[in-house]
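Coordinate inspection notes
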Amino acid sequence: MARASARHLLVPDEATCNELKARIEKGEDFAALAKEYSKCPSGRQGGDLGEFGRGQMVPEFDKVVFSAPLKEVQGPVKTQFGYHLLEVTSRQD
């Protein structure tokens, strides 16, 4: 069964999500921004979600996490919770 590790950042609106993605692309630290801005409890750990299998997260997460290149920030990804930036840190297919 496929497994992956990822980190994410959750904000309520797409504009903030795009702004944070631009800051990360300019070299700011993903984990530091997650700690400051993420509305998810995982923000306290820099957005780290740990390891999980296919189907354990919302479908929008699965689609990105099990197909996106490793170590590249993806998003904004809209879910019922808000807008996410996702980074797949490892994956075993």
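Residues numbered from 1 in each chain as written. Predicted model: local features only at pLDDT ≥ 70, side-chain atom pairs only at ≥ 80, totals over all residues. Heavy atoms only, no water.

1. Focus: the pattern of salt bridges
Inspection of every chain in the model, using the stated rule, returns 5 salt bridges. The closest approach of N and O atoms between Glu87 and Arg7, which form a salt bridge, is 2.4 Å. Of this pair, Glu87 sits in strand β4 (residues 82-92) while Arg7 sits in strand β1 (residues 3-11); the two residues are 80 residues apart in sequence, bridging distant segments of the chain. By relative accessible area, Glu87 is classed as buried at 9%. For Arg7, a relative accessible area of 22% corresponds to the partly exposed category. Here Arg23 and Glu19 are joined by a salt bridge, their closest N and O atoms 3.9 Å apart. Here the residue Arg23 and the residue Glu19 both occupy positions in helix α1 (residues 14-25), the gap between them amounting to 4 residues, near one helical turn. What makes Glu19 partly exposed here is its relative accessible area of 46%. (Salt bridge = Lys/Arg side-chain N within 4 Å of Asp/Glu carboxyl O. Helix = DSSP H or I, 4+ residues; strand = E, 2+ residues; numbered from the N terminus. Buried < 20%, exposed > 50% of the residue type's maximum accessible area, 1.4 Å probe, protein only.)

2. Remarks on the environment of Pro76
Following the sequence through the fold, Pro76 ends up in strand β3 (residues 73-79). When the C-alpha positions of Pro76 and His8 are compared, they lie 10 Å apart, and in sequence the two are 68 residues distant. Setting aside anything within four residues of it in sequence, one finds Pro76 in contact with Glu14, Cys17, Asn18, Tyr83, His84 and Leu85. (Contact = heavy atoms within 4.5 Å.)

3. Concerning the environment of Asp62
Mapped onto the elements, Asp62 comes out in helix α3 (residues 59-65). Along the backbone, Asp62 and Ala4 are 58 residues apart, and their C-alpha atoms lie at a distance of 9.6 Å. The residues touching Asp62, leaving out its near neighbours within four places in the chain, are Gly53, Arg54, Gly55, Gln56 and Met57.

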